[in-house]
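Analysis of the macromolecular model
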Amino acid sequence: MSGNLQKLYEGKAKILYITDNPEILLADFKDDATAFNAQKKGSIIDKGRINCSISSKLFQILANKGIKTHFIDNPTPNQMRVKAVTILPIEVIVRNIAAGSLCQQTGLELGKVLLKPLVEFYYKNDQLGDPLLTRDRLYVMQLATAEQVDTITHLALQINKLLQEFFQQCGITLVDLKLEFGLDSQQQILLADEISPDTCRLWDNAKTDPNQRVMDKDRFRKDLGNIEDAYQEVLHRVIQVTLPQKNN
Ligand code: TMP
Ligand code: ASP
């Protein structure tokens, strides 16, 4: 619940509220955690605040580098005011290192560094289990135009590169990440949703053990324990990097 605001939509990790301004929504980050299309459910203490804080910082870093995002500001630590967008029902995944479903579906070895970042599209549809899409399927399903797919691919690669560099400053390797994009009232494509340990694979550079190095939701998916500590550690490292001052 957020004051008297009207709920627009409740997802697995966030609630979206309508505000007085039709161009602005309020995203309230929850502590709830799900995996495997919500077949596994749980809660991660303080996740809402941690993911909102990490996401906000990453959106600001990207905005400073010229990436248009839906982020406006944080009225409270677990809330984000965002520009209202129509979310494209596509999960855009960028992978730098083989892990997760890429290993399961291709047999590539966990940890194999990919020759170049791999961009994949998944259909955001829980009933269908978020299937992997080809470019032509995107067109057949009329989920995006060829121009939009080109723009999203270019943006996803740019965002991945910027975040890879940022996380390296934090002693963290960005293994892969999931991005979502939306269209604003002018049909501009904005980066939306969140970027957090729920939506990225993050490995601690200081650790080599394949379980100990995990600082993301794989700790929850695979019951590795110490989830709260890992999320907290990501936040701690991310907020230590200072943002450049604006000149105006
Ligand atoms: P995958 O290897 O399971 O396909 O996941 C790739 C990346 O996408 C990983 O960083 C986790 C993230 N992800 C989400 O954010 N939401 C999802 O529903 C899934 C399946 C993955
Ligand atoms: N989005 C997935 C779920 O629906 C969670 C995940 O594996 O990231 O439960």
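Structure: above.
Summary of the structure given here. (Residues numbered from 1 in each chain as written. Chains lettered and ligands numbered in written order. Predicted model: local features only at pLDDT ≥ 70, side-chain atom pairs only at ≥ 80, totals over all residues. Heavy atoms only, no water.)

**A look at the site of ligand 2**
We count it as follows: Throughout, the term near means that a residue has one or more heavy atoms lying within 4 Å of the molecule or strand in question. For the purposes of these results, a polar contact is taken to be a pair of N or O atoms within 3.5 Å, where, inside protein, one atom must be able to donate a hydrogen and its partner to accept one; residues adjacent in sequence count only when each atom of the pair is a side-chain atom. Using a 1.4 Å probe, accessible areas were evaluated by the Shrake-Rupley method; residue-level cover was limited to the displayed protein chains. In this classification, the charged set is Asp, Glu, Lys and Arg, the nonpolar set is Ala, Val, Leu, Ile, Met, Phe, Trp, Tyr, Cys and Pro, and all remaining amino acids, among them Gly, are polar.
Inspection of the region around ligand 2 gives Lys12, Thr34, Ala35, Phe36, Asn37, Ala38, Lys217 and Arg221 as its neighbouring residues. Backbone polar atom of Ala38 to an oxygen atom of ligand 2: 2.9 Å apart, as the coordinates give it. Contact distances for ligand 2 include 3.2 Å between an oxygen atom and a side-chain N or O atom of Lys217. Relative to its unbound accessible area of 270 Å², ligand 2 is 75% covered by the protein chains. Each residue belonging to the shell around ligand 2 can be placed in one class, and the counts come to three nonpolar, two polar and three charged.

**A few points about the pairing of strand S10 (residues 113-123)**
Put simply, the rule reads: DSSP bridges decide pairing: two strands pair if at least two such bridges lie between them. Put simply, DSSP marks the helices as runs of H or I at least four residues long and the strands as runs of E at least two long, and each gets a number from the N terminus on.
Pairing geometry for strand S9 (residues 90-97) and S10, over seven bridges, is antiparallel. Following the sheet pairing, Glu91 is matched in S10 by Tyr122.

**Considerations on the pairing of strand S12 (residues 172-183)**
Stated precisely, the cut-off is as follows: Using a 1.4 Å probe on the protein chains alone, a residue whose accessible area is under 20% of its type maximum counts as buried, one over 50% counts as exposed, and one in between counts as partly exposed.
Within S12, 12 of the 12 residues are buried, which leaves the element mostly enclosed by the surrounding structure. Across two bridges, strand S8 (residues 86-87) lies against S12 in antiparallel orientation. What sits directly across from Thr86, in S12, is Leu183. Looking at chain direction, S9 and S12 are connected through four bridges and run antiparallel. In the sheet register, Val94 faces S12, and the bridge partner there is Leu177. Alignment of S12 against strand S13 (residues 189-192), held across four bridges, turns out to be antiparallel. Considered in S13, the bridge of Phe181 is made with Leu191. Between S12 and S13, which follow one another and run antiparallel, lie five residues, and Gln187 among them has a positive phi close to 65 degrees.

**Observations concerning helix H4 (residues 146-169)**
Stated formally: A helix is expected to reach a length of 1.5 Å times the quantity of its residues less one.
For H4, with 24 residues, the first-to-last C-alpha span of 35 Å sits near the 34 Å given by 1.5 Å per residue. Burial in H4 covers these residues: Gln148, Val149, Ile152, Thr153, Leu155, Ala156, Ile159, Asn160, Leu162, Leu163, Phe166 and Phe167. Taken from the residues just after H4, Gly171 is the one with a positive phi, measuring 70 degrees.

**Structural notes on the pattern of salt bridges**
Selection rule: Take a side-chain nitrogen of Lys or Arg and a carboxyl oxygen of Asp or Glu: if they are within 4 Å of each other, that pair is a salt bridge.
Counted by the stated rule, this structure contains 23 salt bridges. Note that Glu10 and Lys7 form a salt bridge whose closest N and O atoms lie 2.7 Å from each other. Looking at Glu10, the relative accessible area reads 40%, which means it is partly exposed. With relative accessibility at 43%, the residue Lys7 sits in the partly exposed group. For Asp73, the salt bridge identified is with Arg81, shortest N-O distance 2.7 Å. Through salt bridges with shared partners, a single network forms among Lys14, Lys124, Lys178, Glu180, Asp193 and Glu194.

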